[in-house]
Structure formats: C-alpha cells, structure tokens
Amino acid sequence: MSTTPKSDLTKVTTPKSLSDVDCHAIYERLSRRLASFRNTAELHAISELSFNNSDRSASMKEEFTSALNGWAQETLKDIWLACREPGGGEPPQFDPLSDTSTVGLPPLPSAEYLAPLLHTALLLHVTSNKEYSSRTRVFIFLIGPVDEEVVAATLKDPRKAVEEAGKKTDAAKEEHARRNKVLRMVGIGVGAVAGGVLVGVTGGLAAPAVGAGVSTVLGWLGVGGLPSSVVCGALFGAYGSKKMARVIGDYTREVRDLAILPVRQPQQTMAVRLCVTGWLQSPEDVTAPWTVFGEGDTFALQWEIDVLERLSTALVDLLKTQAMHYLQGQIIKQTFLAAILTALSPLAWMKITNIIDNPWMQAKALASKTGKVLGTLLAERVLGTRPVTLVGYSLGSLVIFEALQHLASLPPAQTLGLVEDVYLFGSPLAADPAQWAALRRVAAGRVVNGYGKDDYVLAVLARVSGLNWGVAGLQPVEVQGVENVACDQVDGHLKWRGLIGQCLAQCDAPGIDKAEVERQLERQARPLENDMGMTLEEAERAAEQVDDIRVSPTT
C-alpha cells in the first residue's frame, strides 16, 4: 500500500504543465459533453411524461428541467474555473441548445494531467454547495479518472493538504528569493500560500479563481472561514449519531423494526451504498449478502426481521410441495413458464396459497410501507449529502422501488442530485412503464433490472399477489434508459441470496470484491443447489406427476 499522502493541494489544482491553450481545449470538450449529459437526463423526463401525460406530470417535467439546467450551469462554472477561466470575464451561461458534438476537437490529455483538473472541479463543486451531487459524480466519472480519496482527504484535513503542497514549493520559493521577490513565507497565512505560491508553482486556479478558492474553497474547509467539519458533517453524514437515531426513530411508529447498519466500518467515502435484503434466514442476512462490496461505504437497511424470517421459512416449505417440484421439473425440461402455471389445477393453487399467502402478502405490504419511509429518510439525507446507490433483491427491491416512487413525487430541486445508481434483482414488481420511467428520471446514473426468466417461485408469488402487469423480476422492462440483465443462473427465487454477488459482477457494478463473491457462492449458492436442485432424471419424474397437480398434461 502506498504511503504517499493523499491530502495535497497540488493534487486538486490544475497542473502548470497544461497551457492556457490546453485548458481552453479541455473546457470546450467538457462543456459539450456536459450539454450531451444534460440532454440525456431531460430525455428521461420526457419519456416519463409520454407514459403519463397529465398536468401534474407536465409540471414535474418543467420543474425537473429547471433544476437540471441550474445544476448544469453550476457545473459549467466549476469546469470553467478549473480550466483557468478561458476567455476571462464572467463565467459563461449554460445554453440548453449548446453544441454537443466533439468532432474535430483536440483529445483530452492523459490521466496524469486530466485527473488534477477534474479534482479541482470536484473540490469547487463540493465546497461551494456543501454536497456532492450524484449527477456531478456520474458526469465526472464519464470524463476520466478521478481519485475521490484525494478530494476527501483535502476536505477532512485542509491544513495537511496545504503543508504537503508547501513542501513541493520549496524550490520555487528559493527561485523567487533569488529574483528578490518578496515572499513572506515565515508566519504567512495558509490562504496566502494557497493563493500565491501554489497558483504560481502548480499553475492551479488563476488569480480570480483563487480569490474564490481562498475565500470560498479554503474558507469552507476551515482555513480562514467555516470549519471543514461543516462540509464534512453534511457530506458524509453521521452514522450512529443522535441525529440519525432521532430521524429514524421518528418513523418507527409506521415500521416497527427499522435501522441502518454498516456492512463494514464506515470510511467516510465520497459516495455511499444502501442495500436491502428480501428475506432473512437469520438476522445476520441483513448485512451478510452485501460483503461482496469491497470498496466504499456500504450500509444495509434492517426492516421487519421477524416477518422476513417467517417468510424465509414459508418459502422453504413451499419449495418442498409436490406442485413446486412439478414446476421445477418442467423448468429443467425447458417448458415455457407461463404454460406450466396455466396447467396447475385449482387444488394445487389452493395448497400453494395456504402455505405462502399470509407470510408473503404481509411481508409485501410491509415492504411497501418501509419503502415510503426509506424515501423520506433519503430525502432528509440521513447518509449525508453524497450520492447514494441503492441495491436490493426480492422484497428488498420493492422497498427501494417504493422509496424511489416517493422521491419522484417530491420537487425535483430537492432530489436531483441524491440517487446515483439503482440495481434491482428478482423484483416482485409490475413492469409498469410509467412507474419505471419515474424511477429512471430520479437516478443520475444506471438503473438495472436483473431478472430470471425461469424463476418459477417468483412467478407463483406474483400470481398470488395478483400482479396485472408483467413481472420485472421475470422479464425486461421496456423503458428507455433501463438496463435489463438476464440472470439465467437464477431459476428459483431463493437462489438470489447466494448469487447476488455474481449477478452484480455480471452487471459490472463498481466495487465488487471477486474473492468475496466466490466465498458467497461456496457458502450459500452451492449448498442450496445441492439441497434443492434436481437431476434431469428427477426432473423427468417430477414433471410426469398428473394426479391433483395438473389440469391437463402440458405440451
């Protein structure tokens, strides 16, 4: 592991080796990429309106576009400052009709030179807003490599950042002294070092920008202004604090069992994940499935443990029934799932319903209620003013979906930069385009629907639930901007618990620990397959059952 200090202002200022011409070219390319990014987000809002063309939806679309344009304007200003104010004067105004083509423009410089410039823009964004917008994060990562640890370290320890930068300016100080330029380095304030020597030596922010940098950026950081704890307290949140406990406690009247637990010790990273499990074999399953994430702060939502444990028991009992053995056998024989369900007799459905109806419907109802509460908690930024990625499977997906529907109903200015990516697997949800389009508008980054077309257990649960639309956990969702990933390895709902890491890796979700995924397969997926899997011969026998299970033989 490198011992190089992360906290260093030279790592968050534009390199001197980039000329003004270089910076102007970078600005031109980034401004056009920004316009394209903004237009894509607006298309998602237009898509939502096309599915629900009401006055309320039209008003929401206009509010979203206004908030989006405001974000784009602030982002353009940060890029302009980081690029040393090309053209001078006042910051340029963002035009929604800006040119988005980068054809004929010079390429971006290598990561060595581009990364510090992007760090500069990011630091300006966070310190001027006291938050890290999910849209800013998605946009910057589309442009090039970013080391958020550098920015986080500068936010947490700005004086250390200035000290490290000062070490790199020693040679420059001597040169200035030889030229008889007065440098008051002894006893000089931190702001003067950053505003004078650092600009001259690193070619960082130009003088007007450093004026803002010293009074605003370093001011926010606690160097001559607001303490850095103000920025960091807002950005990273305060897990375990009295405030978090109070906010969550306000809602335990609606959901009896609710908590946010760390999967690993929080490191106060610039972004955060919140994961939601769909059922529980034991209370440890609140966090255990999510150890597959090795990077970044990861939390898990604990909700209704007793209910989810009863549901797990009911699902296991369900799989032992003759009817489910028949369905499993037909799936292995590659019979079309819809045809199998149609072939089940009313008596078979009655037996299934007797086992699963109450535990499933109770848990499903509580999942919807928990989701609305989670949406409120997210809107109140209980995890900090940093981008949140949401991950869930089974009823955990329903919790997240309901939370996002709540966020979609709020003023867009309040939620525009809150949610980054969304990963939903095996979702017991209708593939309703209007609802999924609303979800797509709220998320700044990816929206992934992971489905298992042969998940016969979910098909049964969906029918018990009376879902009228196609089920998202069984098929693609036909909405622009939603990524559909076929997780064909999941041919039974209980398998999501042991295969969630593999499915996340299949989706190229960031931060996945491959070694932990393999451990999850070894400890969860393979034992379940050994206990409940079928050989082809067993499938043949199960599929031949007729008696009270089938109305008529399937073809």
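Details of the structure are given in the entry above.
The structure contained in this document is the topic of the report that follows. (Residues numbered from 1 in each chain as written. Predicted model: local features only at pLDDT ≥ 70, side-chain atom pairs only at ≥ 80, totals over all residues. Heavy atoms only, no water.)

**Looking at the packing of helix 12 (residues 305-319) against helix 19 (residues 456-465)**
Where helix 12 meets helix 19, the axes come as close as 12 Å, and the angle between the chain directions of the two elements is 110°. As far as their axial angle goes, helix 19 and helix 12 are roughly perpendicular. Taken as a pair, helix 12 and helix 19 cross one another with a handedness that is right-handed. Contacts from Leu315, Leu318 and Leu319 in helix 12 reach Tyr456, Val457 and Leu461 in helix 19. Looking at the contact of helix 12 with helix 19 residue by residue, the classes come out as 6 nonpolar, no polar and no charged. (Axes fitted to C-alpha atoms, helices over the stretch in contact; angles between N-to-C directions. Helix = DSSP H or I, 4+ residues; strand = E, 2+ residues; numbered from the N terminus. Parallel < 35°, antiparallel > 145°, perpendicular 65-115°, else oblique. Left-handed = near helix turned anticlockwise from the far one by under 90°. Contact = heavy atoms within 4.5 Å. Nonpolar A, V, L, I, M, F, W, Y, C, P; charged D, E, K, R; others polar.)

**Some details on the environment of Gln267**
Within the secondary structure, Gln267 sits in the loop between strand 1 (258-262) and strand 2 (272-276). Gln267 gets classed as exposed once you look at its relative accessible area, which sits at 52%. Through-space distance from the C-alpha of Gln267 to that of Thr298 is 9.4 Å; in sequence the pair is 31 residues apart. With sequence-adjacent residues up to four places away left out, Gln267 is seen in contact with Lys156 and Asp297. Within the structure, Gln267 has its side chain in polar contact with the backbone oxygen of Gln265 (distance 3.1 Å). (Buried < 20%, exposed > 50% of the residue type's maximum accessible area, 1.4 Å probe, protein only. Polar contact = N/O pair within 3.5 Å; in protein donor to acceptor, adjacent residues only side chain to side chain.)

**Description of the pattern of salt bridges**
Summed over the entire model, instances satisfying the criterion amount to 19 salt bridges. With a closest N to O distance of 2.6 Å, Asp491 and Lys495 form a salt bridge. Residue classification places Lys495 among the buried residues on the basis of a relative accessible area of 19%. One salt-bridge network, in which partners are shared between bridges, spans Arg38, Glu42, Lys61 and Glu62. (Salt bridge = Lys/Arg side-chain N within 4 Å of Asp/Glu carboxyl O.)

**Points about unusual backbone geometry**
Backbone geometry places Glu85, a non-glycine residue, at a positive phi of 50°. As for its placement among the helices and strands, Glu85 is situated in the loop between helix 2 (55-82) and helix 3 (111-129). The phi angle at Glu304 is positive, at roughly 45°, despite the residue not being glycine. Summarising the element assignment, Glu304 is placed in the loop between strand 3 (297-303) and helix 12. Overall, the relative accessible area of 4% leaves Glu304 in the buried class.

**So, the packing of helix 3 against helix 5 (residues 148-156)**
Direction vectors running N to C along helix 3 and helix 5 enclose 45°, while the axes themselves pass 10 Å from each other. Comparing their axes, helix 5 and helix 3 come out oblique. Relative to helix 5, helix 3 is oriented so that their crossing is right-handed. Contact with helix 3, carried on its side by His119, Leu122, Leu123, Val126 and Thr127, involves Glu148, Val150, Val151, Thr154 and Leu155 of helix 5 and no other residues of that element. Each residue belonging to the contact of helix 3 with helix 5 can be placed in one class, and the counts come to 6 nonpolar, 3 polar and 1 charged.

**Things to note about the nonpolar core**
The biggest cluster of nonpolar side chains holds 98 residues, and the ones touching the most others in it are Leu274, Trp290, Trp303, Ile356, Phe425, Trp436 and Leu504. Residues within four places of Trp436 in sequence aside, it is in contact with Phe401, Leu424, Leu429, Ala430, Ala431, Val447, Asn449, Ala472, Val477, Val479 and Val482. Counting 48 residues, the second largest nonpolar core, distinct from the first, contains Val12, Leu68, Ala72 and Leu416. (Core = buried A, V, L, I, M, F, W, Y, C linked by side-chain atoms within 4.5 Å.)

**Describing helix 19**
Within helix 19, 9 of the 10 residues are buried, which leaves the element mostly enclosed by the surrounding structure. Of all the positions in helix 19, only Tyr456, Val457, Leu458, Ala459, Val460, Leu461, Ala462, Val464 and Ser465 are classed as buried.

**Considering the sheet that holds strand 1**
Adjacent strands of a sheet form backbone hydrogen bonds with each other and so pair up, either parallel or antiparallel. Read across the open sheet, the 7 strands follow the order 1-3-2-4-5-6-7; overall the sheet is mixed. The open sheet has two edge strands with one neighbour each: strand 1 and strand 7 (482-486). On average, adjacent strands in this sheet sit at an angle of 20° to one another, irrespective of strand direction. Here strand 2 pairs with strand 3 via 5 bridges, running parallel. Considered in strand 3, the bridge of Cys275 is made with Ala300. (Pairing = 2+ DSSP bridges.)

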